[in-house]
Amino acid sequence: MPFDPDATGVIPKLTFEPPSGEGANAAEEAPKSAEDEGAETEGTEEKGSTDKGAADKGAADEGAADAETTTAIRLPLPLPAPDATSTDTTDTNPAGVKPPVVAEPPKPPASGAGEEVGGTQPMKVQPSRPRKPADAPKPADALSTTSATTEGSSDTPPAGGAAAPSGGAPAASQAPGGARSLADLVQPMTVPGPPGGGVAVQSPPVSSPPLPQQAPYGGPQRQQAPKKGIGARLGALVASAPKWLPVLLVLEGLVMYVLALKVPPGPWRGVDPADIDGLGLISALPATAFIAILIMIVSFFVTVSQSTDRKFLLLFQIAAITFALHGAGALVADEPRFPTAYIHAGFVEFIGRTGETAINIDARMGWPGFFALFAFVTKAAGISDMTTILQWTPLLSNLLYLLPFVLILRQVVATTRARWFAALLFVLVQWIGQDYFSPQGFTFALYLAFVAILLRWFGRVEQRTKPVPPKGLRKWIGKLDAMTPGELANTGTFRADKLLMLMMLIALFLASVASHQITPFMMLGVVTAFLLFKRTTLTWALPFFLGLIVLAWISYMTVGFWASQIDTIFGGLGNILQNLRSNTGDRIEGTDPAHAMVLQSRLGILAVILACAAAGLFRRLRRGVFDRSALILLCVPVLALGLQSYGGEIGLRIYMFALPGACLLAAYAFFPNLPADSADVREETVPLRKRNVRFNPQLTKRISLVLAACFAVVFAMAFLLARYGNEKFERVTTGEVAALHYVYDHDKPSARVLYLVPKEGPEVTPTLPWGERDIERVSFSEQALVFKDPSRIENAVAKLKSAPRNSYLMVSRGQVSYLQLNEGFPADWGERFRAALDKSPDVKRVYANQDAALYTWKKFVRGTEIPEPNPYEGRGDPTSPWTPVGIAALAVTWVALFSYEIIRLNGPNRAPRARKRLLFLAVPAFAVALAVIVERFLYIAANN
């Protein structure tokens, strides 16, 4: 077997020779000489037996019949350098085995010679020492080494002498001056083998690189390297700038941003709320805030442009940008922003105080999962004031969204730049403001975790094996199916992990069903689309299982909401154009010119991100990659337009749920290539098709990086305009909160608050921090119609007069700002309207500050009392005769479908009979449960 004596760190490969007595076949396989391997000795030529059969016969006569023959390497102790005239001689071993010859003798061992080896244990081989030069002095003497003994032999060589080989063979010859050759060091040894004959084992010598020679004691020492000067240190610091510069930039930008927003107002710092106009918060931000955001974005792209994937630094940079953009409201405002967050805090306070829910007070209490969770947490932690939670929830929610979204990005076939740029886009274009303390913000995180589990643990990637049809629509579908999948295959997952993740999927879905109205339908749509496009290993049992959960919750748990509002729930089905109109055009017409720019910027961000997503999908298709999962995540939420307008906010919900797929495809518009085959994905591949190459790939990568950075800066500035454009009326002031606290302190046994509206209607909500406490005592259902002429107060006064005692008309800064920006009311309308109310002889002002004022009726009729609050217990939910049958059918269906899915986790061919029986049980039970749900809708709606 050829062997390279110069190789180091490689275990020699053993060659097994047939036992003695096999004749000429054994002789033909004699080891090659050193000359065959290209290595020559410096002295004499290798001498050895050429008759392999005779050698084997002699070895068999001398040794035991069941013994193995192998070679032992005898290594000398460290010797002085040999004389220049010394030569190496070799001799044959007694067994006739010719060892390979190397160009250099072995190195001396550090300790004693080899140990006795028996059986099949590996030999301990000491590294050889390189040959000394020819003019080196001769060694004074030579020390012997011990040889391995054969089984049945007890001869021990005398100290200081050469070890005699087994069988009484003569000792190896020795070179003049005491130097030993390689053949002197290689002697055969036999170890026990299996009965019936031994097998000869030949082990070639192992060489290692020469060790550095040390200077003798007292000799010259190694000269130390000169110390680096200041210039060299500066050069090294500049050379290492890619490592420390991004960290320095992001920290500098973060500190600069916090100081720019928190310090007292000045020319280049601080935010004065009085400067906020129709453009929102961006009109009051100092220039240093924009510079800080720019520095953090530049830091991110400096890190992305490097050839390594610095995951923790990139994640920290995105978190810092998230803090700057989504935490601006918390840094500037004294009170939590967004008035609707206060009513949600009121639901939490009510459940924590009473331990019950009240759907007759508010329909959102029919989905109390989110409120019950925080009621438990706040009560267990002893938290009575939720101001801090409300204030920082938007920032914490967006940081929470990043975790499952990054896990989604890990499951796609994309470059490092594409993945991290998609994560940055997800932060920059998420302007809709549904991340405040709300069920939709909480369940959106559950939705992202649901999708991440589907892709990570239940993803399916299969290449097309069928031939592509020759023509027609099936040809194009076949071409798409034959392309490279844009997702990673899920391999190596244990069944226990899949079972745990399946239970996690169901738990996330149940939490969403109990907390929000729309999120479960989005989850159900994604699972169904993944099954249709073959992107999950789950079966059709799961969507039927989950869909039945949604229908059962609506039918059995929210009867108080839909019993008398069937037309409201189903009236918007199929009205896609009307629902789209209520979410776009109606929100722009008739607004302040400056504020119209805010609404147009929101539509502009939507148009640009969708255009980038289309370009990214096209560029990936040109490279032979079809991203089905990203396309599903983008398109499934759009189907919600066919449901209903959702109070004119269905468009915002669709945009929020479509963001993961849109951001991923938009990142492909800049970085569409596949990742290279390297450990840390340093580079990108060129397009798969040569005709797609138009420019130098290195140049196009730099251009793409610059374009992506420019788009990121534009999106960041547009985010501040779109997200905080309503800051003038969405910002809650301390005076407004204090005015409502006055109402809560005087709401025994009940109270009512009238708020200002330009037109009366059920979809007009108060623009004030309402419902923070005592939601069962204080009613916010009364509306006071106002006009652009601030002197026309007759409608508001008449509405206050018709209300019972302990009713208050509230005029606040937020309501006035809303009327000015969205309805075209005069700039001084609020002051003039309050002055007109102060002059009215029928009303009196009971509380006032700079931001809000409360008015009540001056004279009540004698004997009128404050009414009792409406009972929140209700009279019980109505039911139908078939309800018990439906509940039993639901239980049977869920058990059968869940068992079917668990068995299917073992594989598609596991227990087919058991699965078929479960289907025979689940299908009729599902039909009965669904029929009872429909019967309940018809029966209860007809009788209520």
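Scroll up to find the structure this text is about.
Anyway, here's the lowdown on the structure attached to this text. Model, not experiment: these values are computed from the prediction.

Here's the deal with unusual backbone geometry
A cis amide bond, omega -5 degrees, links Lys748 with the succeeding residue Pro749. When you line up the elements, Pro749 lands in the loop between helix H26 (734-745) and strand E7 (751-757). Phi at Phe338 takes a positive value of approximately 70 degrees, unusual for a residue other than glycine. A positive phi angle is found at Asn806, which is not glycine, with a value near 70 degrees. For Asn806, a relative accessible area of 11% puts it in the buried group.

Section: the side chain of Arg623
One can find Arg623 in the loop between helix H21 (593-622) and strand E6 (625-626). Only 3.2 Å separates the side chain of Arg623 from the backbone oxygen of Arg619, close enough to count as a polar contact. Reaching out from Arg623, the side chain makes a polar contact with the side chain of Asn673 at a distance of 2.6 Å.

Quick word on the environment of Thr765
Within the secondary structure layout, Thr765 lies in the loop between E7 and strand E8 (778-785). Its relative accessible area of 52% is what places Thr765 among the exposed residues. For the pair Thr765 and Gln783, spaced 18 residues apart in sequence, the C-alpha to C-alpha distance is 9.4 Å.

Notes on the sheet that holds strand E10 (residues 843-848)
The sheet built from five strands is open, its strands ordered E8-E7-E9-E11-E10 with mixed pairing. Two strands close off the open sheet at either side, each with one partner strand: E8 and E10. Neighbour to neighbour, the strand axes of the sheet diverge by 35 degrees on average, direction disregarded. Both E7 and E8 contribute to a ladder of six bridges, which runs parallel. Note that in E8 the partner of Tyr755 across the bridge is Gln783.

Considering the packing of helix H9 (residues 340-354) against helix H10 (residues 369-381)
Put simply, H9 and H10 touch, their axes get as near as 8 Å, and they point 65 degrees apart. When you trace H9 past H10, the crossing you get is right-handed. From H9, His344, Phe347, Val348, Ile351 and Gly352 reach across to H10, where they touch Phe371, Ala372, Phe374, Ala375, Thr378 and Lys379. In the contact of H9 with H10, the residues fall into seven nonpolar, three polar and one charged.

Conventions and cut-offs
- Going along each chain's sequence as written, the residues are numbered from 1 onward.
- With pLDDT at 70 or above as the cut-off, local features in this predicted model cover only qualifying residues; side-chain atom pairs require 80 or more to be listed or tallied, and sums for whole chains, interfaces and linings still use all residues.
- Note that water and hydrogens are dropped before the side-chain values are worked out from all heavy atoms of the structure.
- In this text, helices come from DSSP runs of H or I with a minimum length of four residues, and strands from runs of E with a minimum of two, each type numbered from the N-terminal end.
- The rule is simple: take the accessible area with a 1.4 Å probe, protein chains only, and divide by the maximum for that residue type; under 20% is buried, over 50% is exposed, in between is partly exposed.
- Any N or O atom pair separated by 3.5 Å or less is treated as a polar contact, with the protein-specific requirement of one donor-capable and one acceptor-capable atom, and with residues adjacent in sequence counted only for side-chain atom pairs.
- Criterion used throughout: strands pair if DSSP finds at least two bridges between them.
- Only the stretch in contact is used when fitting a helix axis, every axis being a line fitted to C-alpha atoms; angles between N-to-C directions are given from 0 to 180 degrees.
- Take the far helix as the reference: if the near one is turned anticlockwise from it by less than a right angle, the crossing is left-handed, and if turned clockwise, right-handed.
- It only takes one pair of heavy atoms within 4.5 Å for two residues to be counted as in contact.
- For this scheme, ten residues count as nonpolar: Ala, Val, Leu, Ile, Met, Phe, Trp, Tyr, Cys and Pro. Four count as charged, namely Asp, Glu, Lys and Arg, and the remainder, Gly too, count as polar.

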